Amino acid sequence: MKHKNVPRSDEDKKKLIKRLNIISGQINGVSKMISDDRYCYDVLVQLSSIVNSIKSLESEVLKVHLETCVTDDIKEGNTDVIDEVMDLIDKIK
């Protein structure tokens, strides 16, 4: 698969990086919980929260990808992008 650069606005980058920093903070929090011998239930609840945060971010990136990159490729006649999207969906589900 070829790698493409996708220009994102500074605002979009800031939003994505902010969400990633929040997820990073959640992960660090779980690491501290484990170091502090916190109750497994509490750790699992936090892990579930991290998974949901990642899934939410993934959905947002996928939505933007479909609305921009994929739509642009189809408009330019590149229908191979449909196979790429199907492969992507298989990988992220």
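Our structure's up above, just so we're on the same page.
Before going into details, it helps to say that this report is about the structure given with it.

Quick notes on the rules
- Residues numbered from 1 in each chain as written.
- Predicted model: local features only at pLDDT ≥ 70, side-chain atom pairs only at ≥ 80, totals over all residues.
- Heavy atoms only, no water.
- Helix = DSSP H or I, 4+ residues; strand = E, 2+ residues; numbered from the N terminus.
- Rg over C-alpha atoms; globule rule 2.2 N^0.38 Å.
- Buried < 20%, exposed > 50% of the residue type's maximum accessible area, 1.4 Å probe, protein only.
- Areas by Shrake-Rupley, 256 points an atom, 1.4 Å probe, with all protein chains shown as cover.
- Lys, Arg positive; Asp, Glu negative; His and termini not counted.
- Charge placed at Lys NZ, Arg CZ, Asp CG, Glu CD.
- Expected span 1.5 Å × (residues − 1).
- Contact = heavy atoms within 4.5 Å.
- Patch = residues over 30% accessible without salt bridge, like charges linked within 9 Å, V, L, I, M, F, W, Y side chains within 5 Å.
- Salt bridge = Lys/Arg side-chain N within 4 Å of Asp/Glu carboxyl O.
- Bend = angle between axes of the 7 residues up to and from the residue.
- Phe/Tyr/Trp six-rings, centres within 6.5 Å; stacked < 30°, edge-to-face > 60°.

### A word on the overall build of the chain
Next up, step 1: Of the regular secondary structure elements, the chain holds 3 helices and 0 strands.
Next up, step 2: When the helices and strands of the chain are listed from N to C terminus, the series reads α-α-α.
Next up, step 3: Radius of gyration (C-alpha) of the chain: 17 Å, far over the 12 Å computed for a compact globule of 93 residues.
Next up, step 4: Based on the C-alpha atoms only, the size of the chain along its principal axes is roughly 55 × 30 × 20 Å.
Next up, step 5: By residue count, 12% of the 93 residues in the chain fall in the buried class.
Next up, step 6: Summed over its atoms, the accessible surface of the chain is roughly 7600 Å², and 56% of this surface lies on carbon and sulfur atoms.
Next up, step 7: The distance from the centre of the 15 positive side-chain charges to the centre of the 17 negative ones in the chain is 5 Å.

### Quick notes on helix H1 (residues 10–35)
Next up, step 1: Taking 1.5 Å as the rise per residue, H1 with 26 residues should run 38 Å; its terminal C-alpha atoms sit 37 Å apart, in good agreement.
Next up, step 2: Turning to H1, the residues buried within the fold contact helix H2 (40–75).

### Some thoughts on a nonpolar patch on the surface
Next up, step 1: On the surface, Ile 74, Ile 82, Met 86 and Ile 89 cluster together into a nonpolar patch covering about 340 Å² of accessible area.
Next up, step 2: Ranked by residue count, the leading element in the nonpolar patch is helix H3 (residues 80–92), at 3 residues.
Next up, step 3: With respect to the element layout, Ile 89 can be found in helix H3.
Next up, step 4: With a relative accessible area of 34%, Ile 89 lands in the partly exposed category.

### Section: the pattern of salt bridges
Next up, step 1: Scanning the model with the defined rule gives 6 salt bridges in all.
Next up, step 2: For the salt bridge of Lys 15 with Glu 11, the shortest nitrogen-to-oxygen distance reads 3.4 Å. Of the two residues, Lys 15 and Glu 11 are both situated in helix H1; the distance of 4 residues between them amounts to about one turn of the helix.
Next up, step 3: Judged by relative accessible area, Lys 15 falls into the partly exposed class, the value being 47%.

### Describing H2
Next up, step 1: Between its first and last C-alpha, H2 extends 51 Å over 36 residues, near the 52 Å set by a 1.5 Å rise per residue.
Next up, step 2: Most pronounced at His 65, the bend in H2 amounts to some 40°.
Next up, step 3: Listed as buried for H2 are Val 43, Ile 50, Leu 57, Val 70 and Asp 73.
Next up, step 4: Where H2 is buried, its residues touch H1 and H3.
Next up, step 5: Of the residues flanking the end of H2, it is Gly 77, one or two places downstream, whose phi is positive at about 90°.

### Points about the packing of aromatic side chains
Next up, step 1: Applying the stated criterion across every chain yields a total of 1 aromatic pair.
Next up, step 2: Here Tyr 39 and Tyr 41 contribute two aromatic rings whose centre-to-centre distance is 6.3 Å and whose plane-to-plane angle is 25°, an arrangement assigned as stacked. The burial state of Tyr 39 is the same as that of Tyr 41; both residues are exposed.

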